[in-house]
Amino acid sequence: MHQAEVMLATKTANGFASDSIHWPMLASRKMDGMRLLCWGGQLLTRTLKPQPNKALAEKLKPLTDKCLKEGIVLDGEIYSHHHAFDVHQSVIRSENQDLPSQMHYLVFDGMPLEEWGCCPRSFEERQSFLHEVLPSLGESSSCPWGIVDQFEVYDSSDAQQWMDQWIQSGYE
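Keep in mind it's a predicted model, so treat the numbers as computed, not measured.

*Asks:* Provide a residue-level description of the packing of aromatic side chains, including the pertinent values.
*Replies:* Scanning the entire structure with this criterion turns up 5 aromatic pairs. Both rings, one in Trp-39 and one in Trp-116, keep their centres 5.4 Å apart while their planes meet at 45 degrees; by these two values the pair is tilted. Placement of Trp-39 in strand E2 (residues 34-39) and of Trp-116 in the loop between strand E5 (104-112) and helix H4 (123-133) is noted, with a sequence separation of 77 residues between them. A relative accessible area of 1% means that Trp-39 is categorised as buried. Judged by relative accessible area, which is 12%, Trp-116 ranks as buried. Aromatic ring contacts, followed pair by pair, group Phe-151, Trp-162 and Trp-166 into a single cluster. The ring of Tyr-171 carries Arg-29 above its face, with NZ or CZ at 5.5 Å from the centroid.

Printed below as a string of structure tokens:
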């Protein structure tokens, strides 16, 4: 397995007014789920340890098999808007717990394995890659997967409006 670290979001001291932000940019809802990588035919936690839940591994087996066969890495979260973080955490950390029916694997990034760690593609190019690859993976009715929606944000005011809307809708 390639040596790599999971990318985590960072905060800026001045929020959306930071000089380090170059507009326009893409933004997505912040979900309070459990981070999960699909890498090398395995589902890994954000610390790159195999996730132990057998039901989750079985439900996402078509996805992990496809990623292994085609050399794809996916980065996402197990999430349900109907459950609190502790439910997500309990499911991921339990070897034998069943999955709530509304729990999804939501992918926010992905790339060919050989590009992991060096990222030669822009985020926009990786989003295009996801939209090319994931539809061919199908969908499991018990634990569907999908791509996290990205929204173009044009300035700090626009970003704040999106964030306010998402927080009002129950996202972080």
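*Asks:* Could you give an account of the nonpolar core, with specific residues and numbers?
*Replies:* Soluble globular proteins: nonpolar side chains tend toward being buried together. Within the largest apolar cluster, 23 residues are counted, with the highest numbers of intra-cluster contacts made by Leu-56, Leu-60, Leu-63, Leu-74, Ile-78, Tyr-105 and Leu-134. Of all the secondary-structure elements, those providing two or more residues to this core are E2, helix H2 (61-70), strand E4 (72-79), helix H3 (85-93), E5, H4 and strand E6 (145-147). Among the nonpolar cores identified, the runner-up in size contains 8 residues, and Tyr-79, Leu-106, Phe-108 and Phe-151 belong to it.

*Asks:* So what's going on with the pairing of E2? Residues and values would help.
*Replies:* In terms of burial, E2 is a largely internal element, 6 of the 6 residues being buried. Sheet analysis places E2 next to strand E3 (residues 42-44), joined by 3 bridges and oriented antiparallel. Within E3, the position partnered with Leu-37 by the bridge is Leu-44. Adjacent in sequence and paired antiparallel, E2 and E3 are bridged by 2 residues, among which Gly-40 carries a positive phi angle near 60 degrees.

Calculation criteria
- Residues numbered from 1 in each chain as written.
- Predicted model: local features only at pLDDT ≥ 70, side-chain atom pairs only at ≥ 80, totals over all residues.
- Heavy atoms only, no water.
- Phe/Tyr/Trp six-rings, centres within 6.5 Å; stacked < 30°, edge-to-face > 60°.
- Helix = DSSP H or I, 4+ residues; strand = E, 2+ residues; numbered from the N terminus.
- Buried < 20%, exposed > 50% of the residue type's maximum accessible area, 1.4 Å probe, protein only.
- Lys NZ or Arg CZ within 6 Å of the ring centre and 35° of its normal.
- Core = buried A, V, L, I, M, F, W, Y, C linked by side-chain atoms within 4.5 Å.
- Pairing = 2+ DSSP bridges.

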